[in-house]
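Okay, here's what each chain looks like letter by letter:
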Amino acid sequence: MKDKQNLSEVAKAVKLNKSDLAILHSMEPVVEGIAKMFGENCEVVLHSLEDPSHSIIKIANGHVTGREIGFPITNFAMEILNNESLLKNDSTDVYYTKSKGSKVIRSISIVIRNENNKPIGLLCINFDLSAPLYSFIREFSPSSNARVDEPERFTTSVEELVNNSLAEALSKIDAQRGISNTNKNKLIVFELFNKGIFSIKGAIDLVAKEMGISRYTVYNYIREANFKLRSGNTKIDQDTK
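Residues numbered from 1 in each chain as written. Predicted model: local features only at pLDDT ≥ 70, side-chain atom pairs only at ≥ 80, totals over all residues. Heavy atoms only, no water.

Undergrad: Looking at this structure, how should I read the pattern of salt bridges?
TA: A side chain with one charge can pair with a side chain of the opposite charge if their charged atoms come near. Under the criterion given, the structure shown has ten salt bridges. Ionic pairing is found between Glu32 and Lys58, a salt bridge with its closest N-O pair at 2.9 Å. Taken together, the residues span a long stretch of sequence, with Glu32 in helix α3 (residues 28–38) and Lys58 in strand β2 (residues 56–60) at a distance of 26 residues. (Salt bridge = Lys/Arg side-chain N within 4 Å of Asp/Glu carboxyl O. Helix = DSSP H or I, 4+ residues; strand = E, 2+ residues; numbered from the N terminus.)

Listed below in C-alpha cells is the structure:
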C-alpha cells in the first residue's frame, strides 16, 4: 500500500506538458541506438515520470529483465526521485543488481530534465553480465556485411577533417580516367560538397589553399553543384568530363 501511495504522490507531482513530452519522445531513437550498439544483452529503458505506475514508454531488449512498455518504475528509480542528494546529479554511479532470474545486471540511470531543469524522465541502461561469453563475441564481431572498407575518421581539428576528406576525394577522382585538370578540380569540390564539408566554417578557404585555387573558384563550383541538385540531378558529377 505504501508503494502505491508513493507512486500516486509522484504521479501528481510531475505533470508533463507538450514540451516535456516532446523531449521524452525525442529520446526514443537514443534507446534504439544504444541497444543496437551494445547488442541483445543490453536493455535500454525510457521512463516517463508522469505516471510512475506505467512509466515505461520505450524499451529495447526487454527480455533482459522481462519488462514491456507500460510497466512501472523500479524501487531504485523511486529512491532517486525522492532523494534530493541523488536527484541533483544527472546520472547515478554504475550499480549492480540481480534480476528475478538471478541475472547479474550492470546498470546506470540518467535523469532527463526539461528546460526548467525539472526531472521529467529517466533513461536506464541495464547490461546482462550473466549472458554466455559467445553472445558477447557474436555481438561485437563485425558481420560479413559490415562496412569496414569505409572507416570513420576521428579527427581532432577542422583542418584535419578537411584535409582527410580532400585526400579521399582526390584519390577517388584520380582513379577516374579521361578527366581534364580543370574538371578534376571541379569534381573534387563536387565530392566534398556531397560529403557536406562546406557546411563547416572555414572549409572553403582551407580547400582553396590546399588545392591551389582561388576561393571564388571553389564558390563557383559549389554554386554549380547546388544548381545541379536543384535541377533534380542527384549525381552532380555526371557530364563533367
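Undergrad: Before we go on, may I ask you to explain helix α9 (residues 203–211) in this structure?
TA: For an α-helix, 3.6 residues make a turn, and residues three or four places apart therefore share a direction. All buried positions along α9 are accounted for by Ala203, Ile204, Val207, Ala208 and Met211. Projection of α9 onto a plane perpendicular to its axis shows the buried side chains occupying an angular sector of 130 degrees, all on one side. Each element contacted by the buried residues of α9 is listed here: α7 (158–174), α8 (181–194) and α10 (215–230). Of the residues one or two after α9, Gly212 is the one with positive phi, at around 75 degrees. (Buried < 20%, exposed > 50% of the residue type's maximum accessible area, 1.4 Å probe, protein only. Arc of directions from axis to C-beta. Contact = heavy atoms within 4.5 Å.)

Undergrad: Would you explain α3 in this entry?
TA: Looking only at α3, the buried set comprises Val31, Ile34 and Ala35. The arc that holds the buried residues of α3, viewed along the axis, is 100 degrees, so those residues lie on one side. Residues of α3 that are exposed and point over 90 degrees away from its buried face: Pro29, Lys36 and Met37. Elements in contact with the buried residues of α3: β1 (42–48), β2 and β5 (119–128). One or two steps after α3, the chain reaches Gly39, where phi turns positive at roughly 85 degrees.

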